Amino acid sequence: MPIMTPLAITAYTATTALGCGLDAQLDALRHARSGLRPNDFGNGALPCWIGRVDGVEDSALAADHATWDCRNNRLAWLGLQQDDFLAKVRVARERYGADRIALILGTSTASIGATEEAYRRLDATGDFAQDPRHPEVHAPHSLAAFVTAALSLEGPCMTVSTACSSSAKVFASAERMLRLGLIDAAVVGGVDTLCDSVLFGFNALELVSAEPCRPFDATRNGISIGEAAGFALLERADIAPEAPRLLGYGEASDAHHMSTPHPQGLGAELALRDALARAGLAAEQVDYINLHGTASLKNDEVEAALIERTFPAGTRASSTKGFTGHTLGAAGIVEAAIALLAIEHGFIPGNLGGSAPDPVCGPQFAWRNEQRRVDVALSNSFGFGGNNACLVFARSGFSA
Amino acid sequence: MSALRVCVEGVGLWSPQLGNFAALQALLCGTAPPPPPARPAAATLPPNERRRAPESVLLAVEVAGQAVAMSGHDAATLACVFASSHGDQATTDYMCRTLAQAPAELSPTRFHNSVHNAPAGYWTIATGCHAPSTAVAAQHASFGAGLLEAVTLALSDQRPVLLVCSDTAGSGPLRKVTGCTQSFGCALLLSPTPGEATLARLALSLTPLHVATPLPEPLARWSNTNASAAALPLLALLAGGLGCCELRAAATLGLHIELENIA
């Protein structure tokens, strides 16, 4: 595997239950303040905790984008307005041209919430009631189609939908297009919103906890579902000498089961090894790993064992899903943003919710916040269908 | 940007009228091929999985299996890209109907089958494939966007890649919204370098405006019945031998494809 030419991350942002934008994420992480709340979404019928973003309903789209209106695109629009992201994309568009910037977004359910709603109010003939919205709102590409219009981009535009690894894999697709010269920059990211499909779906699989989720805790009993939006702008490294770097990525398949991870974490380990090889790094050089850590019994057991057998005691690792909930198709970009914050601020977020650590967890786990320099940070994302991704980020100027 | 060049080493195809790529070739030569059985055989799946799998999975696995068999590659080592505009529409219809009426009765199996990467999951499980797999969508540009993803993966990592693009017919009220009135699936085995199984080489470049390639009947009619049937201009080109076509790669972006002679 040849070593990848690092790319610059010239802008990034995240909006989660912790608040809108990076400052809100950092503040909540520093104060160990969870964004989870008792379920108040929809009819709130399921007794569980959720990571809901405040203000989504009030984030009206611009009038000329009204046909794309739905809760998921409102969250996308709210997320795009944070951290000067719109202005930074505009600068890139002026520099390269709209057709030289790709838009690649991950989502698990896109705007299925709008389709659920349409089914709740079918007309007398059993068809969708009259609706001024674009029919494409009822398709997986709804998010990317709206965002490409909102950002006035005209380059390659694609939705990646591999369940909970979706918005990690977008970095890999963008890197390949940049490497081959198809584009000069890429906007990547992902958005998923709370909807009945995932709340009742994960509940049917008996994977939802009635309490706030407790990743890697010995008594964990399931996930808390969250929603989030996050975006990043990728450009060639020479354009931004000070910007943090994407050093590598790895992708692999479990070939085991549709909704249960491989018992030895085979696909996760292959993705991790692929990522380290592309980055030209040894495991010892990794300072922090943001874990997938969903608080499901199986995921955490398999992932903790992988960390224990791969990394030295000095590498720090934690799941931040106790803060945000599991934001599904947006988890990759949210946790990439947290890994980048760890590098930028020399700050390792503690594994919130793990008050009685599972004995399978090694010394790498950061159970509480730590202040320490981070040069290299990884982010793990694993999805249904045995779909695994791992991202490697580094401080600008870091050399292996 | 110079053109991206990849070799095609296998083609899979399934619709209610065409059971494989040879049927398309026969049709274009003036012979009416016999229609395939009502349900794709999807022989790559073990029998118990074949019974459980939703139609979208059977369709994708059927065309994937055809393309891989034609190429002679080992499926276990192939990176794969599964594109679909709408995913499994029968499952989406079931989910939304159940959630509107009795949400607590939602089936856990149908929920995990509802993920867009269900075909990629079933395929990698059935073939023991640990290589990278992905699932993408781009509305009516799903084939073009999926092709771009597969080609960039094949060229950047210098490995053969399986591309599948498929959509099932719509179900329930969703059918009128998606406009998919019949199933269509196709697959290409793409390799960065020519080999014994190479059928043709493609030279692909992005163009700012999409100009639709005209198709003969009945292909033109079929191409309006399913989002994935946007692949038909390229499939017809591969069946015919030489020439060029243009596909949609995004809402405002075309993908110009020249079929090159490698002899």
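As shown above, the structure is provided for reference.
Just so it is clear, the structure is predicted and the values come from calculations on it, not from any experiment. (Residues numbered from 1 in each chain as written. Chains lettered and ligands numbered in written order. Predicted model: local features only at pLDDT ≥ 70, side-chain atom pairs only at ≥ 80, totals over all residues.)

Asker: How would you explain the overall build of chain B if you had to name every residue and give the values?
Answerer: Tallying secondary structure elements over chain B gives ten helices and eight strands in all. A compact globule built from 263 residues would reach a C-alpha radius of gyration of about 18 Å, and chain B, at 18 Å, matches this within 12%. Overall size of chain B, expressed as C-alpha extent along the three principal axes, is 60 × 40 × 35 Å. Buried positions account for 58% of the 263 residues belonging to chain B. Contacts in chain B between residues far apart in sequence, at least 24 positions, make up 72% of those at least 6 positions apart. (Helix = DSSP H or I, 4+ residues; strand = E, 2+ residues; numbered from the N terminus. Rg over C-alpha atoms; globule rule 2.2 N^0.38 Å. Buried ≥ 20, exposed ≤ 12 C-beta atoms within 10 Å, placed from the backbone. Contact = placed C-beta atoms within 7 Å.)

Asker: Explain the overall build of chain A residue by residue, including any values.
Answerer: Along the backbone of chain A there are eleven helices and 16 strands. For chain A, the C-alpha radius of gyration of 20 Å lies close to 21 Å, the compact-globule estimate for 400 residues. Per-residue burial for chain A yields a buried fraction of 67% across its 400 residues. Pairs at least 24 apart in sequence give 80% of the contacts found in chain A among residues at least 6 apart.

Asker: Before we move on, can you summarise the interface of chain B and chain A with the specific residues and values?
Answerer: At the junction of the two partners, chain B supplies 56 residues and chain A supplies 58 residues. The set of elements that each furnish at least two residues to the side of chain B that touches chain A consists of α4 (89–101), α5 (108–112), α6 (118–127), β3 (133–137), α7 (142–156), α8 (174–178) and β7 (243–250) of chain B. Looking at which element gives the most residues to the side of chain B that touches chain A, the answer is α7 of chain B, with seven residues. Looking at the side of chain B that touches chain A, its residues break down into 35 nonpolar, 18 polar and three charged. Bridge analysis of strand β6 (residues 157–160) of chain A against β3 of chain B gives two bridges, and the strand direction is antiparallel. By the bridge assignment for β3 of chain B, Val 160 of chain A is matched with Val 136 of chain B. (Nonpolar A, V, L, I, M, F, W, Y, C, P; charged D, E, K, R; others polar. Pairing = 2+ DSSP bridges.)

Asker: Describe α7 of chain B, naming the residues involved and giving the relevant values.
Answerer: An α-helix turns once every 3.6 residues. As a result, residues three or four positions apart point the same way. Counted at 1.5 Å a residue, the expected span for α7 of chain B with its 15 residues is 21 Å, and the 21 Å between its end C-alpha atoms agrees. Across the 15 residues of α7 of chain B, 13 count as buried, placing the element largely inside the fold. (Expected span 1.5 Å × (residues − 1).)

Asker: Residues and numbers for the environment of Trp 123 of chain B, please.
Answerer: All names here are of chain B. Along the polypeptide, Trp 123 turns up in helix α6. Judged by the 30 C-beta atoms lying within 10 Å of it, Trp 123 is buried. With 66 residues separating them along the chain, Trp 123 and Val 57 place their C-alpha atoms 8.1 Å apart.

Asker: Can you explain helix α7 (residues 196–204) of chain A? Please cite residues and give values.
Answerer: Most of α7 of chain A sits out of view: nine of its nine residues are buried. Among all positions of α7 of chain A, only Asp 196, Ser 197, Val 198, Leu 199, Phe 200, Gly 201, Phe 202, Asn 203 and Ala 204 of chain A are buried. Elements in contact with the buried residues of α7 of chain A: α4 (112–120) and β8 (225–226) of chain A together with α4 and α5 of chain B. Backbone geometry just after α7 of chain A places Glu 206 of chain A at a positive phi near 60 degrees.

Asker: Explain the packing of helix α1 (residues 22–30) of chain A against helix α11 (residues 331–345) of chain A residue by residue, including any values.
Answerer: Residues and elements named next belong to chain A. Axis separation between α1 and α11 bottoms out at 11 Å; the angle between their running directions is 75 degrees. Put simply, α1 runs roughly perpendicular to α11. From α1, Leu 22, Gln 25 and Leu 26 reach across to α11, where they touch Ala 337, Ile 338, Leu 341 and His 345. (Axes fitted to C-alpha atoms, helices over the stretch in contact; angles between N-to-C directions. Parallel < 35°, antiparallel > 145°, perpendicular 65-115°, else oblique.)

Asker: Lay out the environment of Ile 101 of chain A in plain terms, naming residues and giving numbers.
Answerer: Residues and elements named next belong to chain A. Mapped onto the fold, Ile 101 is located in strand β5 (residues 101–106). For Ile 101 and Ile 3, which are 98 residues apart along the polypeptide, the C-alpha to C-alpha distance reads 24 Å. With sequence-adjacent residues up to four places away left out, Ile 101 is seen in contact with Ala 92, Arg 93, Tyr 96, Leu 153, Gly 155, Ile 183, Asp 184, Ala 185, Ala 186 and Val 187.

Asker: Go over the sheet that holds strand β3 (residues 37–38) of chain A, please, and point to the residues and values.
Answerer: All names here are of chain A. The strand order β3-β4-β8 describes an open sheet built from three strands, whose pairing is mixed. The open sheet terminates on both sides in strands that have one partner only, identified here as β3 and β8. Of the pairings in the sheet, the one linking strand β4 (residues 49–51) to β8 comprises two bridges and is parallel in character. Looking across to β8, one finds that Gly 51 is bridged to Gly 226.

Asker: Would you mind going over unusual backbone geometry in detail, with residue names and values included?
Answerer: In this structure, Pro 218 of chain B follows Glu 217 of chain B across a cis peptide bond, with omega equal to 5 degrees. The topology assignment puts Pro 218 of chain B in the loop between β6 (200–207) and α9 (219–223). Phi is positive for Ala 255 of chain A, which is not a glycine, with a value near 55 degrees. In this structure, Ala 255 of chain A sits in the loop between β10 (245–253) and α8 (266–279). For Ala 255 of chain A, a count of 22 C-beta atoms within 10 Å translates into the label buried. Its identity is not glycine, yet Ala 295 of chain A carries a phi of approximately 85 degrees, on the positive side. Assessed through the 28 C-beta atoms surrounding it within 10 Å, Ala 295 of chain A is described here as buried.

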